[in-house]
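Notes for the structure review
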Amino acid sequence: MLTKWVHTLIDNLVRSGVRDFVISPGSRSTPLAIAAFLHPSSRTHVLVDERSASFFALGLTRTDDALRPVALICTSGTAATNYYSAVTEANIFELPLIVLTADRPHELRGVGAPQAIDQVGLYGKQVRHAFDLPLPEEAGLTYVQHVARRAALLAMTEPAGPVQINVPLREPLIPELDLLQTGQSVGRPLRAIAPSLSEELSEILSIPRLLIVIGPQLSATDTQFILDYAERSHIPVLADPLSQGRQSSYATVFGYYDTWLKDETVQQKARPEHILRFGAMPTSKPYLLWSKDIPTTVVGHPGNWRDPQLHADFLSGHPSQLQTMPETTHDVAYLHTLQAAEQTVAVVFETLDTEQLTEYNVVRALDVLTQGSLFVSNSMPIRDLDTFLPTGTPLRILANRGANGIDGIVSSALGATYDADHRYLLVGDLAFIHDINGLMMARTRPMTILLINNTGGGIFNFLPQQTLDPAVFEPLFGTAQELDFRHLASGYGVDYELISSIPVLKTALQTTPVATRILEIRTDRPENVRLHRRIWELTNQALQERFR
């Protein structure tokens, strides 16, 4: 019965669209791992570090433009607790993770049995649903089939998110292998159906001085619906890099707003009558502060409210609705104002020294890349990318912008770019150290890791904490880590190069690696702050001259 039980579970997950199974080795999960490994239509990935495994699985949900459910498998006990951070990120960022936690049988729960903890509902409110299966028996096979299909449906239904299936198993744990080598082909995951045409959306789209904002969590396909409509109707669009909107070269799409919204004059000139936002709140803090008192409507699904400012109206809808919307007339002078601000910042950026080994020049060096997927760490890398990455980039940009943590970044990057032809990661030293074990998976797919090493937590140098006495600031916030990344790379069997200049970096980026490589770029934290502030002085001065 054990063989039939696990085969029914795994085979119906595959039928429901689960292609990838990420396995954290263990004893109690043996039948689940074998069933996934032998299934003819599955793709399995074995990672011994559970935390790295969970973030790798999180990344795999995004290897395609459309989300796809991915299953995690672990043994009983504390193994499942190591998944918690990734499950939390999946919950907030709406990623379809299905967590299969093997468990002790019911009679061994709560009696002091080894490697047994309370796993029922382990992830609390972080999951869409938590199932606790009965022990394997013939009468329950129909229920197992139901749970597998329902779990995939719950994980993919908006808002997408994680689901737990707790699987208690008795010894013996070795299934028969013949049945497990058969199975159905990978099914098509559930796709959301766009709501019917909305009169309220039509009214908003008719506002003359309208601004569209696209944030994270949008697929490239959905973003294109928005951009095409905005281009036809001459509506300006602020595009967060994680919306994939920065790939566009339309004259209505803007990427430098994080800079021009720092200037008070432009803040007034750029103020719209209304903001229509698709996706989550953008990364940019200047946008967050500027938009807090501007009438805003967020379009999405009611299961997940995306309004940290607590002032927006919510409209249930989908970007695909814009395909059937008629073109609307808008204030072209407003569009020209934003174009002038964008052009002014672009001119200033072009005057900067492009060869100085700085963090913003690392972002600007990415313009030598012609294709690929770039995963970006939280903290300063995503902020520098948001600020300095222009529109027209060919790169697909990805990041963990749910809980915004720096844990699991390497593993997430390896998963999210797994099926890309060219793979890149932009990461700081602390985030890299947090997930150094992610490099164990790095040998499966060549990736270029741009490691910005400013010896510590560079973002804190931009925050109020930087005014503290160095004797307090450095141990608590600077947290310098004097590690030799050359030797770390060697230990994990990946290539390493210390980048001495931006021209050297560009040359390295234009070569195709045959193995994963770390390109270490050493920068200075205080100098980085000074240079950033100098840039804001130059851009503010230029903007004031343009709009006075």
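If you're wondering where the values come from, they're calculated on a predicted model, not measured in any experiment.

Considerations on unusual backbone geometry
- Cis rather than trans, the peptide bond between Glu-158 and Pro-159 has omega equal to -5°.
- Among the secondary structure elements, Pro-159 is positioned in the loop between α5 (141–156) and β6 (163–168).
- With omega at 5°, the peptide bond leading from Glu-171 into Pro-172 counts as cis.
- By the element assignment, Pro-172 lies in the loop between β6 and α6 (199–205).
- Unusually for a residue other than glycine, Glu-94 sits at a positive phi of about 60°.
- Summarising the element assignment, Glu-94 is placed in the loop between α4 (84–93) and β4 (97–103).
- A positive phi angle, near 55°, is found at Gln-115, a position not held by glycine.
- With respect to the element layout, Gln-115 can be found in the loop between β4 and β5 (129–132).

So, the packing of aromatic side chains
- According to the stated counting rule, one finds 11 aromatic pairs in the structure shown.
- Consider the rings of Phe-473 and Phe-477, whose centres lie 6.0 Å apart with planes at 35°: the pair is tilted. Linking Phe-473 with Phe-477, this pair stays in helix α16 (residues 470–478), spanning 4 residues, or about one helical turn.
- Put simply, the rings of Tyr-256, Phe-349, Tyr-360, Phe-388 and Trp-536 pair up and form one aromatic cluster.
- Above the plane of the ring of Tyr-418 lies Arg-445, whose end atom (NZ or CZ) is 3.9 Å from the centre.

About the cut-offs
Residue positions within a chain follow its written sequence, with the count starting from 1. Given that the model is predicted, a residue must reach a pLDDT of at least 70 before its local features are reported, and side-chain atom pairs must reach 80 or more before they are shown or counted; all residues, however, enter totals for whole chains, interfaces and linings. Side-chain measures were taken over the full set of non-hydrogen atoms in the model, leaving aside hydrogen atoms and water. We count a stretch as a helix when DSSP gives it H or I for four or more residues in a row; a strand needs E for two or more, and each element gets its number in order from the N terminus. Side-chain rings of Phe, Tyr and Trp (the six-membered ring for Trp) are treated as a pair once their centres are within 6.5 Å; stacked means planes under 30 degrees apart, edge-to-face means over 60, and tilted covers the remaining angles. Definition used: whenever NZ (Lys) or CZ (Arg) falls within 6 Å of the ring centre and also within 35 degrees of the ring normal, the charge is taken to sit over that ring.

Purely geometric numbers; function is a separate question.
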